[in-house]
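Examination of the molecular architecture
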Amino acid sequence: MKITIHRGQHQIGGSIIEISTNHTRLIFDVGINLNEETDIEMPYIEGLFSNGKKYDAVFISHYHSDHMGLLSHIKRGTPIYMGKTAFKIIEASSAYRNIPVNVSPTFYNDSTPITIGDMKIVPYRCDHSAYDSYMFLVEANGKKVLYTGDYRANGRQSFEALLEKLPEVDVLITEGTTLSRESNIKNIKEDLLEDIAIKELNRHSGPAFIMMSAMNIDRLKTAYNAAKATNRLFLEDLYTAGIASSIPEVNPANLENTRVFITDGNQKHYGKLNEYGRLKIGKYEISKQKYLMCVRQSMKSYLKKLNELQSFEDGILFYGMWKGYQEDKDMKSFLEFIQNLGVKIHTLHTSGHADTETVEKLIADVKPKVIMPVHTENEQWFDNYKNEINVVYQNNCIDL
Ligand SMILES: [Zn+2]
């Protein structure tokens, strides 16, 4: 077997990994570089996007763009594999934004092996800030490789149960997003965010908002549970509701105390809102309720109008995203805008990526002979293991 990290070895994002034998060539993830939504840098990989012999398959670990942003550029006819719910979420997000989804993937299932040529691939569901995320165990010629994708142990899925399923491997290709040069990072649990939110909601009599990625289903659940516990209506905008409808646990149709609203007069959006029937709610009715509302930067003018109907004094906005995004111009301007209306900002976030202890636990569990760090800016952290394990980051390619 041969492993080649085409991209994403010494950086966070842009992941493209090849694992091949003499007969079969597979790609794991086709990410774009972070902060490259418009001017995309296409790496040259023969046969993947352009000229040359097609790959036998491309496996996508999860729907974050730094892992699958180049999906639509893959050479036509190349089989693509991903999780079924992950794909539904991609479809919902693309439909709202009028972006065509021009791929029709084959769906894999948790712990169910797939054979392609002389290689066996077993996807293992893991917890991450993207719903329906997977690690991949790849077996060929008597060797085992585990590629982690992105993972964490502080979500609602049991990390211990995942470790029980994973075998010992020859090579571990692991993410190291949070590994810091200065100190050990310890993530707080997603469940704890619920308690924090409930406490804060009880301290504020005004309206409550949450700024988060609609695709972070775990956070959506956290927000919903906190709203329910404090008798607030949970308000999902049309985009969030479209995504949430793919997942039974957060589907607004299955939840009490949830309503769907639109923020513009777009005819198509209005038609879509009508499909929610009794769940839809308008501004005037919202202004008379106690609620927790999902918001995005683009909602400034909507919130201005809502504020004409209702004071935002003693309101709270939960900031449920990575703090780095606060440097973004539009985000900065939104947060200033909402603060000027009397709303306090409270961070409600925990990482979607493995903390130090989680990476250590995985290594202790799968006992690799070789570690290839990816998705990290601190690959030297793995030198802690260099006396027992061959740590490879000087080369992007190994044969085994
Ligand atoms: Zn991710």
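Computed from a predicted model, the values in this text were never measured in an experiment.

Reading guide: rules and limits
Residues numbered from 1 in each chain as written. Predicted model: local features only at pLDDT ≥ 70, side-chain atom pairs only at ≥ 80, totals over all residues. Heavy atoms only, no water. Phe/Tyr/Trp six-rings, centres within 6.5 Å; stacked < 30°, edge-to-face > 60°. Helix = DSSP H or I, 4+ residues; strand = E, 2+ residues; numbered from the N terminus. Buried < 20%, exposed > 50% of the residue type's maximum accessible area, 1.4 Å probe, protein only. Lys NZ or Arg CZ within 6 Å of the ring centre and 35° of its normal. Contact = heavy atoms within 4.5 Å. Core = buried A, V, L, I, M, F, W, Y, C linked by side-chain atoms within 4.5 Å. Domains from an automatic or database assignment. Axes fitted to C-alpha atoms, helices over the stretch in contact; angles between N-to-C directions. Left-handed = near helix turned anticlockwise from the far one by under 90°. Nonpolar A, V, L, I, M, F, W, Y, C, P; charged D, E, K, R; others polar. Donors = N, O, S within 2.8 Å, 3.2 Å for Na, K, Ca; no water. Tetrahedral: all angles 85-135°; square planar, octahedral: opposite > 155°, others 65-115°. Arc of directions from axis to C-beta. Pairing = 2+ DSSP bridges. Buried area = accessible area lost by both parts, 1.4 Å probe. Salt bridge = Lys/Arg side-chain N within 4 Å of Asp/Glu carboxyl O. Polar contact = N/O pair within 3.5 Å; in protein donor to acceptor, adjacent residues only side chain to side chain.

Brief notes about the packing of aromatic side chains
- Applying the stated criterion to the full structure yields 19 aromatic pairs.
- For the ring pair F87 and F107, a centre distance of 5.9 Å and an interplane angle of 45 degrees mean the geometry is tilted. Taken as a pair, F87 in helix α2 (residues 84–96) and F107 in strand β6 (residues 106–108) lie far apart in primary sequence, 20 residues in all.
- Plain terms: the ring middles of F261 and Y302 are 5.6 Å apart, the flat faces sit at 25 degrees to each other, and that makes the pair stacked. Pair noted here: F261 is in strand β14 (residues 258–261) and Y302 is in helix α9 (residues 300–309), with a separation of 41 residues, a long-range link. Here the two residues F261 and Y302 agree in accessibility, since each one is buried.
- Clustering of aromatic rings is evident, with ring pairs tying together F28, F59, Y81, Y108, Y134, F136 and Y147.
- Just above the ring of Y55 sits the side chain of R25; from NZ or CZ to the centre is 4.0 Å.
- One residue, R125, lies across the ring of Y131, its end atom 4.9 Å from the ring centre.

Description of the environment of D170
- Of note, D170 is situated in the loop between α3 (159–165) and β11 (171–175).
- Separated by 139 residues in the primary sequence, D170 and G31 place their C-alpha atoms 25 Å from one another.
- Leave out the neighbours within four places in its chain, and D170 touches G142, K143, K144, P368, K369, V370 and L400.

A few points about the nonpolar core
- The biggest cluster of nonpolar side chains holds 79 residues, and the ones touching the most others in it are I19, F28, V30, F59, Y63 and I173.
- Counting residues per element, this core draws most heavily on helix α5 (residues 217–229), at six residues.
- The residues that make up this core include at least three from each of domain 1 (2–182 + 352–399) and domain 2 (190–347).
- Residues contacting V30, with those up to four places away along its chain left out, are S15, I16, L48, F49, V58, I60, H67, M68, G69, L70, L71 and I74.

A closer look at the packing of helix α4 (residues 190–203) against α5
- Orientation of α4 relative to α5, taken along the N-to-C sense of each, is 35 degrees, at an axis distance of 9 Å. Of the two possible hands of crossing, α4 and α5 adopt the one that is right-handed. For the pair α4 and α5, contact is made by E190, L193, E194, A197, I198 and L201 and by D218, R219, T222, N225, A226, A227 and A229, respectively.
- Here the residues of the contact of α4 with α5 are counted per class, giving seven nonpolar, two polar and four charged.

A short note on the coordination of the zinc ion
- Around the zinc ion, the protein supplies H62 (NE2), H64 (ND1), H128 (NE2) and D150 (OD) as donor atoms, at distances of 2.2 to 2.4 Å.
- If you look at the zinc ion, its four donor atoms make angles of 89 to 170 degrees with each other, and the shape they trace is irregular.

Observations regarding α9
- For α9, the complete set of buried residues consists of Y302, L303 and L306. Down the axis, α9 shows its buried residues gathered within 95 degrees of arc, on one side only.
- Lining the buried residues of α9 we find β12 (208–211), β14, α8 (283–286), β15 (291–295) and α10 (329–340).

Some details on the sheet that holds β11
- Strand order in this open sheet of seven strands is β7-β8-β9-β10-β11-β18-β19, and the pairing throughout is mixed. Strands at the two margins of the open sheet, each flanked by one partner only, are β7 (114–116) and β19 (390–391).
- Across the sheet, helix α11 (residues 356–366) is in contact with β10 (143–147), β11 and β18 (370–374); its angle to β11 comes to roughly 170 degrees.

Description of the environment of N216
- Note on placement: N216 falls in the loop between β12 and α5.
- Note on N216: relative accessible area 7%, which makes it buried.
- N216 sits 75 residues away from Y291 along the chain, and the two C-alpha atoms are 20 Å apart.

What about the domain arrangement of the chain?
- Each assigned domain of the chain is listed with its residue range as follows: domain 1 (2–182 + 352–399) and domain 2 (190–347).
- Between the C-alpha centres of domain 1 and domain 2 the distance comes to 32 Å.
- Counting residues at the interface gives 19 residues for domain 1, matched by 21 residues for domain 2.
- Note on domain 1 versus domain 2: buried area summed over both sides is about 1600 Å², and carbon and sulfur give 50% of it.
- Among the residues of domain 1 in contact with domain 2, Y96, Y131 and R156 are the three that bury the most area, contributing 47% of the side total.
- There are five salt bridges connecting domain 1 and domain 2.
- The shortest N-O distance in the salt bridge between R156 and D191 comes to 3.2 Å.
- Where domain 1 packs against domain 2, one counts 12 residue pairs in polar contact (both at pLDDT 80 or more).

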